[in-house]
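Results of the structural survey
The lines below spell out each chain.
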Amino acid sequence: MPRLAPVATSALDDLNLTALIDALLLTQPPGERDALAPRYRTGLTDPADVAHRHEIVRDLSNTQVSDAVRGFTRALRNIREHLSLGERLPHPLQNHLVRLEAVHDYGAAVTAFAEALTAPEAEPDGLGAALGELVAHLRSALTPGTPFAELRAAADKVTADLAEVRYTLHIRANRISVSRHRGERDHGADIAGLFARFRREGAPSHLAAMPRDLEMDPVEARILGLVADLNPEPFAALEEFAAKHRDFLDPVLVDFDHEIRFYLAYLDFTGPLRDAGLPFCLPRINEPGGPVRILDGYDLALADKLAHERPDTGAEAIVVNSVALEPPERLLVVTGPNQGGKTTFARMFGQLHHLAALGLPVPAADAELPLPDNLFTHFEREEDLRTLRGKLDDELVRIREALEEATSRSVVIMNESFSSTSLHDARFIGEHVLDKLAALDVTCLYVTFVDELAALPRHGERTVSLVATIVPDDPSQRTYRLVRRPADGRAYATAIAAKYGLTHDALRERLR
Amino acid sequence: MDVRLLHSDREFAPDTADRPLAHSGDLTDDLELDTLLAAMDPPDEAAAATARAALLAPLRTPDEIRYRQRVHADALAHESAVRELHTLAADALERERRLSIVLYPTPESVLRRAVNSLDVLTERLRALRRLAARLAAQDGWASEGFTGLFAELDGEVDDDWFREVARHLKELQFRRGILLSARLGDGGRATELALGRPDPDAPDPADRKPARRFPLGPRRPDTLSFTLPENDDRNAKALEELRDRGLNSVADAVATAADHLRDWFAALHRELGFHLCLLNLRKRLADRGLPLCTPEPLQPGTAALAARDLYDPGLALTADASTAITRNDVEAGGAPLILVTGANQGGKSTFLRSVGTAQLLLQCGAFAPAAEFRAEVRTGLFTHYRRREDATMTHGKLEEELARMSGIADVLAPGALLLCNESFAATNEREGSEIAREILTALTASGVRIVFVTHLFALADGFGGDADAVRLRAERRDDGTRTFRIVPGDPLPTSHGEDVYKRVFGTAGAAPHP
């Protein structure tokens, strides 16, 4: 049965997923965030649900489709803001005009959306079920004679009549006269023509920035009233239109707009990383207990951070790691020096499982894994100010609670657990916890400084040992592969000439 | 109406088309161009900036160079006329500049300032037109630059034009109020507001009888009016905002027109100033008794360089009058690589500077510091000099040189001239020679021309018998004295540091005993 309770906040915190979710919510308007947030915290456990989401993600990976969807959600957002602004304007004529404008925008947005989705590049016949239904709905809405078509025609008529209205203002001292336009010459154009012979490129504009909001002062409001008095017919038609079309948004499209944000927010957030060359994939979902295979996975939160801190080189600085757990392997024991990228690796492992359970693309070149029914983490709490004894107590209580809840479908990630006690004790506790984890048959990643835990004979065939290594000659790198790399040995001068692209061949190539 | 005293088809544009060469800061330092620029005795900052910019933005074709050479020949033949034109242009700019500054630009204040600008500038334009008519009558104007300028001032801005401008400026006083046309914009706000020109014969719209309001009745009024109460701040502010919105586009148009005319004067002032700078420099060198010539630009692709009595004008301007200025003859044919070796303090650096400076002067349409100078028009000019400071961190220094060379390689194109002074000597001779050799062969094979001053014997010796390399050497007589002349010659394994040591210590050559 699908379990639809969110993953514990502490686990999301440990995996840096909380920050990630916050950041991707920021791509959405404030009003939408509260509704979206819980969806990113709750994994799916039914592969069919995941398949449904994958279908939508695949549809959105067609840029023709995703551009169309984005354009539509953006347009709807603008229309809503516009309408609520109109409600607040004091002059009733203004409110009507704003509503009329919103109807035009809406009509254009729906038509553009339908056209873009049914264009040949969008391959409308190849769309998944969800977007396929939407296309069918749009097609029927756009048929002539529907309420939508009538709405547009009526709006066009009112607007065309208002567009005919031109007027002239004469201001002398504090007297203002409003007249019908009589075709006066444009003074500015005359001057520009006279000095055109001195024209040169790149002259700055002297146009003052005028407030573009819709608020009217009393003088403008009186002018608008007089313009309406001089042109009674189009303004009467406007009032009638506004009264007739109060709610014109199609509820099916409004629902779609809310639904699709879950995907768009994630794709918007990961877009820059994809553009920078970082891989993403839709993972294959294995049966419970099946293999976990990750090719070139990385910590998405770290990648995002580096991309922001170092826009040019951030993506290159990301180190990817691959790992595979083939049944009966269930325990991944990670050892190695500090600053070796162990925690980053652990986060990557956890993030991939959570994101896979959300039905979203995961940060890896390729991945397959079973859906976890829950994620448990056990990271050391640096900020804990309790006594040594109390800290170990606390850690053991937390691990016991996790062990009580975990099932064979859960994923447990332990990071430097029990380091607050002696090596002997840590080894003792670690072995016992590993025994319990093995008994539960959970998938477990265990980061430890106790090397012996990686080679316990009784868990031999279910244990995989990974060792982190430091890249010795580039301490500026923050994350490292969990593989060894041979050092380069080249003559110094030639090497730096090569570094600057100044060997004969490199230089010839540059000057070609 | 473009000023064309520097280019045949456009104005000099230091910010766009005439941007300085990449790495022109290094070029300025290495060739000591500041000395040269100071000797031009620029009449004002605009002239100084233009002279610098033009020197660092070389012309790219022989035709362009000859065009500027012809304008300069006219300036030389009519120096006082050029000074008169320059003074008038400077005066126009100064009068315009002294007009009050708009501190808080609003359309109304921008318009007011622009109308005043146009008043001042069109008056000076009229004066310039009269002056040009008088100067054009002098004999001997031959360049398209000057004759074109005179012709345009005669034909493009005639009396009718000045009258029409005056009428506009009067209307912009708004003695009969402001007439605006408008349409309904977003939310019913007025949009496309434009200033209309009232028919001078029509009755004043404000004087029309106010029509009675029958908005839905059979009679349609043409005009509806209202009067705002006096002494109401909110209304006064609203009215001001309406005026500003209405005047925005005309203020932009008038201010843009004023900008264009002012910038035209500025271009004229700038380009005349450039020619005055060259005239001043010419006089300084001629007073020193040094030869000057109109250099001959050769088509790109020839790699040619030939000179008679070539000297470094920078040295000539700083050395005291009694010092003889060394002059060199060069005949490099079409060889892309010139290697200069030989004695320390033998004149190698001065020679390198004279080649670079003459090339820059050629490509800015000026005279050359030589009795004869012919050279290919280069696509760029770059210098890579060994930096003397920080001699301790050898590896860091080599890396700095390589990084700098890589930066030059980023912008090098076939046909560019690269001047190197003891590059890659920051490491041991074998390694330095190897790096330099790779770079030199790659660059020359890619069409780059190089003059390379070096102590690296292994490097220079390696190019022996290479038809693409001309090898020159600082002259040293058998008794060890230097002539500071650069002559054809193969490299020697020593740079005669011993000579310098002997001169400094006055000993007969034995190493000093500890």
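Bear in mind that the values here come from a model prediction, so they are computed numbers and not experimental data.

Procedures and definitions
Residues numbered from 1 in each chain as written. Chains lettered and ligands numbered in written order. Predicted model: local features only at pLDDT ≥ 70, side-chain atom pairs only at ≥ 80, totals over all residues. Pairing = 2+ DSSP bridges. Helix = DSSP H or I, 4+ residues; strand = E, 2+ residues; numbered from the N terminus. Contact = placed C-beta atoms within 7 Å. Axes fitted to C-alpha atoms, helices over the stretch in contact; angles between N-to-C directions. Core = buried A, V, L, I, M, F, W, Y, C linked by C-beta atoms within 7 Å. Buried ≥ 20, exposed ≤ 12 C-beta atoms within 10 Å, placed from the backbone. UniProt positions renumbered as here; feature names shortened; annotations may be inferred. Parallel < 35°, antiparallel > 145°, perpendicular 65-115°, else oblique. Nonpolar A, V, L, I, M, F, W, Y, C, P; charged D, E, K, R; others polar. pLDDT = per-residue confidence, 0-100.

Right, let's get into the sheet that holds strand E3 (residues 185–186) of chain A. Pairing is antiparallel across the open sheet formed by six strands, whose spatial order is E3(A)-E2(B)-E1(B)-E1(A)-E2(A)-E3(B). Single-partner strands in this sheet number two, and they are E3 of chain A together with strand E3 (223–227) of chain B. Two strands pair when backbone bridges link them, and strand E1 (residues 178–184) of chain B and strand E2 (residues 190–197) of chain B are joined in this way by four bridges, in the antiparallel orientation. Looking at the pairing, B:Leu184 lines up with B:Ala190 of E2(B). Against the sheet, helix H10 (residues 218–230) of chain A touches strand E1 (166–172) and strand E2 (175–180) of chain A together with E2 and E3 of chain B, its axis set at about 30° to E2(A).

We now examine the nonpolar core. In terms of nonpolar packing, the biggest core is built from 262 residues, with A:Val412, A:Tyr446, B:Val254, B:Val340 and B:Leu418 touching the most fellow members. Looking at this core element by element, the count peaks at 22 residues for helix H9 (residues 233–287) of chain B. When neighbours within four sequence positions are excluded, B:Val340 is seen to be in contact with B:Lys348, B:Phe351, B:Leu352, B:Val451, B:Phe452, B:Val453, B:Leu472 and B:Ile486.

Under the present numbering, the feature "coiled-coil region" (unreviewed entry) in UniProt falls on residues 111–138 of chain B. Counting secondary structure, residues 111–138 of chain B comes out at 93% helix and 0% strand; the distance between its end C-alpha atoms is 41 Å.

Residue and element names in this part refer to chain A. At a closest axis distance of 9 Å, the pairing of helix H5 (residues 63–88) and helix H6 (residues 92–118) adopts a crossing angle of 170°. Taken together, the axes of H5 and H6 lie roughly antiparallel to each other. Partitioning the contact of H5 with H6 into residue classes produces 16 nonpolar, six polar and four charged.

Moving on, we get to the confidence of the model for chain B. Residue and element names in this part refer to chain B. This prediction gives chain B a mean pLDDT of 87; 88% of its residues lie at or above 70. The model gives residues 210–218 a pLDDT under 50, and that stretch makes 14 contacts with residues more than four places away or in other chains. Contacts from residues 508–514, a stretch scored under 50 in pLDDT, to residues over four places away or in other chains number three contacts. Our summary of model confidence lists the complex with pTM equal to 0.63 and ipTM equal to 0.76.

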